[in-house]
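Spelled out from the first residue to the last, the chains are:
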Amino acid sequence: MTTELTVTSGRGAEPRPPRREDNDDITPAKVNWRHRLTHLDVKVSPYLYIAPFFIVFGLVGLFPLLYTAYLSLFDWEMGADEQPFVGLDNYTTLLADSQFWNAMVNTLSIFVLSSGPQVVVAVLLAALLNTALRGRTAWRMGVLLPYVASLVALTIIFANLFGPQYGMVNNILEFVGIDRIDWQAERWWSHVAIATMVNWRWTGYNALIVLAAMQAIPRDVYEAAWVDGASKMRQFFSITLPLLRPTMIFVVVTSTIGGLQIFTEPKLFAPAGSNNGGSQNQYQTVVLYMYQSGFEGFDLGYASAIAWVLFLVIIGIAGVNFLITRRLASTGGS
């Protein structure tokens, strides 16, 4: 679009050269191309931003999972010239394996002794840290120290604390008049000792997660409840716990996944770091048995079958815990 203007001077009106506006250079083709580029940027950019996570997950998570399922269908022994296809024979043998079921019972026992008390104590500890304590930052850092410390070092220390002869725990029991306990030889007490290690390491970590969720609850809700005459206990069960439902589900599910994959604590609890889980496999977990089958027995196909059965068990128990936690939280808020 151009315009013609005349400028009046002393010699009369003279025509002025036409002026070209900036928009004259933008053709419909250029407008269409820029529009398409902007539209493509809006649609594609979010996927490019999250692509690194999915690429790494595919390489170190999804591919090993699928490849393990593939190995479980073969008689895949390390160093063998041939790996014949056996179908579901590894799973059939596994379901009839008494040592596997012993390891599964041990795993579930340690899981119940650790995850249940761990979540309860984490919620109570978070509620305590959410009060007006002196030096709250120091207390919050203190509960996280067991998680920051080396797992191997903590396990070795606890193995010595629960030592049958010179362990400090037995010395305390003897001091109060209780007989010494052979923590490594007796099945039940070995589970208690290993669960204590797990609780010591993870309770503070879960407490800080719950504490962060507690601090996100609006203060106005508590003030309104206080005006209505609700006590602190009533506020905790009717306001705090129901509003913590998403966080509690997260804590319960992650505790389930970690508790059923326990490996380092029972391995280093044995004096020589054996994969047997004691002389009679009294605290051998499923992961320990899987490690023993794969890297001591060199039967990678059978170890892969163990891994997949454990994976399905974890999915099932985590799902049940998810439903129970959501139900309890909903009931508490009604």
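Residues numbered from 1 in each chain as written. Predicted model: local features only at pLDDT ≥ 70, side-chain atom pairs only at ≥ 80, totals over all residues. Heavy atoms only, no water.

**Things to note about the pattern of salt bridges**
This is how the line gets drawn: The salt bridge definition used is simple: a Lys or Arg side-chain nitrogen within 4 Å of an Asp or Glu carboxyl oxygen. Classification of residues uses two cut-offs on accessible area relative to the type maximum, computed with a 1.4 Å probe and protein chains only: under 20% is buried, over 50% is exposed, and between them is partly exposed.
For the structure shown, the criterion picks out one salt bridge. Note that arginine 180 is salt-bridged to glutamate 174, the shortest N-O span being 3.2 Å. The partly exposed category is assigned to glutamate 174, whose relative accessible area is 46%.

**Some thoughts on unusual backbone geometry**
The line we're drawing: A run of H or I in DSSP becomes a helix once it reaches four residues, and a run of E becomes a strand once it reaches two; helices and strands are each numbered from the N terminus.
Phi is positive for asparagine 281, close to 55 degrees, though the residue is something other than glycine. In this structure asparagine 281 comes out as buried when scored by relative accessible area, which is 19%. For phenylalanine 298, which is not a glycine, the phi torsion comes out positive at approximately 55 degrees. With respect to the helices and strands, the residue phenylalanine 298 is situated in the loop between α12 (286–295) and α13 (300–333).

**Things to note about the nonpolar core**
For clarity, the threshold we go by: Nonpolar core, defined: a set of buried Ala, Val, Leu, Ile, Met, Phe, Trp, Tyr and Cys residues in which side-chain atoms within 4.5 Å join the residues together.
Core analysis: the largest hydrophobic core is formed by 15 residues, its most contacted members being Phe162, Trp183, Ala193, Ile194, Ile262, Phe269 and Tyr283. Of all the secondary-structure elements, those providing two or more residues to this core are α5 (151–161) and α7 (187–215).

**Some remarks on empty space enclosed by the protein**
Going by this rule: Using only the protein atoms, space was sampled on a 1 Å grid; points where a 1.4 Å probe fits but cannot get out form cavities, open sets with protein on both sides within 12 Å along at least five of seven lines form pockets, and lining residues are those with an atom within 4 Å of a point. Grid points are joined across faces, edges and corners, and a volume is the space filled by probe spheres set on the points.
Overall, the coordinates contain one cavity of 30 Å³ or more when judged by the stated rule. Quantified by volume, the largest cavity comes out at close to 40 Å³. Looking at the largest cavity, the residues that line it are Leu151, Leu154, Thr155, Phe158, Met197, Trp200, Arg201 and Glu265. In terms of residue count, α5 provides more of the lining of the largest cavity than any other element does, four residues in total.

**Observations regarding the environment of glycine 259**
Defined as follows: By definition, residues are in contact when any of their heavy atoms lie within 4.5 Å.
By secondary structure assignment, the location of glycine 259 is in helix α10 (residues 245–260). Separated by 147 residues in sequence, glycine 259 and valine 112 place their C-alpha atoms 8.5 Å apart. The residues touching glycine 259, leaving out its near neighbours within four places in the chain, are Thr107 and Phe111.

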